[in-house]
Amino acid sequence: MTATLPAPRAAVVAGLGGWIPHRAVDNDELARTLDTSDTWIRTRTGIRRRYTIAPGEATSDLAVEAGRRALKSAGAADADALVLATSTPDQPCPATAPQVAARLGLGPVPAFDVNAVCTGFVYALATAAGLIATGTAERVLVIGADTFSTILAPDDRTTRAIFGDGAGAVLLRAGDRSEPGALLDFDLGSEGEQAELIQVPAGGSRQRSTGLAAPARDHCFTMQGRPVFMHAVLRMSASTQKLIDRQEWGTPDKLVAHQANIRILNAVGDQLGLGEEQVVANLDRVGNTVAGSIPLALADAVTDGRLAPGERVVLTGFGGGLTWGSAALVWPDLPVEALPHQPPAA
Ligand code: ACO
């Protein structure tokens, strides 16, 4: 007997929310304890400020707030699955997602973490779209949340200048490809041969199986900035171009890329022939928030009018692994709350 499979259902973005913690750290504050300056950080990265959690706070606290805002934006009371992208879970085991689902009152839904570092949000979107396509779920809450302030070496000026804590979330619902907000296409990739470029050397099975204590510094995040920069430009440009070609868009209206460095965003925009106004940036306000970065940039862009309903958007990320990934969609009409704690524009 043969059976014709129905066309897979599309996953449609139905809600969006972002959250950052209260404590703002500007460049001048960093320069008081590190050998750096506001001028160096602004000109080399474009970042002016980042936010950090308070003692005792954790990634799940940010994830819950972002998830709540995404549900509210969608006018939804709940979701029937939760995917959390993070590489700074509340604890190594178990995953953080089930606790987030419980605190959001979602009931006994499937909930799990995805770790693709700064690409995590795009990987989580693709995973959630799969849950919807297979009929496993009707509405999936996808959250990207990280607290890199907890894994940076206090004296590492390179990483402390860049990273901030934050979370962003979207609610995906089952729908049709022709609807605004439908995730039209994905491109995902990895290159494990380059894993050492972005890593926390200790704390996993490789180190723990030795039975030897690791130096404290090996439990901190390290990144080889220059080669990572080059890989980021190459991978995000190529991945975005693939989707533009497959969608036959010629050029997208907006690119919302992982917010690591303004020079990376400008280089990717140049490679793709995009104008500065087409490349969304909010890293000046929040720094690199890792898995929170893309939904936080989306939330900022929607609330300040830089991203409008009907615009063709590519989301693209790059991060540890190495990993990269992109998604294409036409932006839907959604009510989105402004990010909290932002000082008024200068
Ligand atoms: N303040 C002052 N000087 C600094 C600072 C700082 N905060 N950071 C580095 N420097 C110094 C370096 O020590 C070096 O000094 P030297 O010439 O005396 O050795 C000099 O500045 C140049 O260093 P580079 O590393 O070449 O600086 P670069 O211009 O490449 O900027 C940066 C460094 C910002 C890290 C950049 O390489 C970058 O953005 N890389 C990509 C980051 C990224 O894309 N991450 C995404 C993935 S992250 C994830 O997945 C978690």
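Residues numbered from 1 in each chain as written. Predicted model: local features only at pLDDT ≥ 70, side-chain atom pairs only at ≥ 80, totals over all residues. Heavy atoms only, no water.

Structural notes on the pairing of strand β7 (residues 166-175)
Each regular strand displays side chains that alternate between the two surfaces of the sheet.
Working step 1: Burial analysis of β7 places eight of its ten residues in the buried class, the great majority of the element.
Working step 2: Examined bridge by bridge, strand β1 (residues 10-19) and β7 share nine bridges and lie antiparallel to one another. In the strand pairing of β7, glycine 15 is matched with leucine 171.
Working step 3: Relative to β7, strand β6 (residues 139-146) runs antiparallel, the two sharing eight bridges. The residue bridging isoleucine 143 from the neighbouring strand is alanine 169, located in β7. (Buried < 20%, exposed > 50% of the residue type's maximum accessible area, 1.4 Å probe, protein only. Helix = DSSP H or I, 4+ residues; strand = E, 2+ residues; numbered from the N terminus. Pairing = 2+ DSSP bridges.)

Side note on the domain arrangement of the chain
Working step 1: Per the domain assignment, the segments making up the chain are domain 1 (10-175) and domain 2 (183-330).
Working step 2: Once you take the C-alpha centre of each, domain 1 and domain 2 turn out to be 14 Å apart.
Working step 3: Facing 47 residues of domain 1, the contacting portion of domain 2 comprises 43 residues.
Working step 4: Taken over both partners, the interface formed by domain 1 and domain 2 buries close to 3,400 Å², and the fraction arising from carbon and sulfur atoms is 68%.
Working step 5: Considering only the side of domain 1, the residues that lose the most area to domain 2 are Cys118, Val122 and Tyr123, jointly responsible for 16% of the buried surface there.
Working step 6: Here domain 1 is connected to domain 2 by one salt bridge.
Working step 7: Its salt-bridge partner being aspartate 155, residue arginine 217 comes within 2.9 Å of it at the nearest N-O pair. (Domains from an automatic or database assignment. Contact = heavy atoms within 4.5 Å. Buried area = accessible area lost by both parts, 1.4 Å probe. Salt bridge = Lys/Arg side-chain N within 4 Å of Asp/Glu carboxyl O.)

What to know about the layout of surface pockets
Working step 1: Empty space within the largest pocket amounts to approximately 750 Å³.
Working step 2: If you trace the largest pocket, you find 31 residues lining it, with Ser87, Pro89, Asn115, Val200 and Ala202 closest to the centre.
Working step 3: Mapped by element, the contributors of at least two residues to the lining of the largest pocket are β5 (111-114), β9 (198-199) and α7 (205-208).
Working step 4: The greatest single-element share of the lining of the largest pocket, amounting to four residues, is contributed by α7. (1 Å grid on protein atoms, 1.4 Å probe; cavity = no way out; pocket = protein on both sides within 12 Å on 5 of 7 lines; lining within 4 Å. Points joined across faces, edges and corners; volume = space filled by probe spheres on them.)

Observations regarding the nonpolar core
Working step 1: Among the nonpolar cores identified, the biggest contains 45 residues, and Phe148 and Ile264 are the most heavily contacted of them.
Working step 2: Each of domain 1 (10-175) and domain 2 (183-330) contributes no fewer than three residues to this core.
Working step 3: The next biggest cluster of nonpolar side chains, apart from the first, holds 44 residues, and it includes Ala124, Leu296, Leu307 and Val336. (Core = buried A, V, L, I, M, F, W, Y, C linked by side-chain atoms within 4.5 Å.)

Let's talk about the sheet that holds strand β4 (residues 81-85)
Strands in a sheet are paired, the pairing made by backbone hydrogen bonds, and the direction either parallel or antiparallel.
Working step 1: Ordered by their spatial adjacency, five strands build an open sheet running β1-β7-β6-β4-β5, and the pairing between neighbours is mixed. The strands lining the two open edges of the sheet, one partner per strand, are β1 and β5. Taking each pair of neighbouring strands and ignoring which way they run, the sheet shows an average axis angle of 20 degrees.
Working step 2: Strand direction decides the pairing type here: β4 and β6, joined by five bridges, are parallel. Note on β6: the bridge partner recorded for valine 83 is valine 142.
Working step 3: The strands touched by helix α3 (residues 59-74) are β1, β4, β6 and β7; relative to β1, the strand with the most contacts, the crossing angle is about 125 degrees. (Axes fitted to C-alpha atoms, helices over the stretch in contact; angles between N-to-C directions.)

Quick look at helix α11 (residues 293-303)
Working step 1: Of all eleven residues in α11, ten are buried; the element is thus mostly enclosed.
Working step 2: Buried within α11 we find Ser293, Ile294, Pro295, Leu296, Ala297, Leu298, Ala299, Asp300, Ala301 and Val302.
Working step 3: Contacts made by the buried residues of α11 are with β1, α5 (120-133), β7, β11 (254-257), α10 (283-286) and β12 (312-319).
Working step 4: Once α11 finishes, glycine 305 follows within two positions and takes phi at roughly 80 degrees, a positive value.

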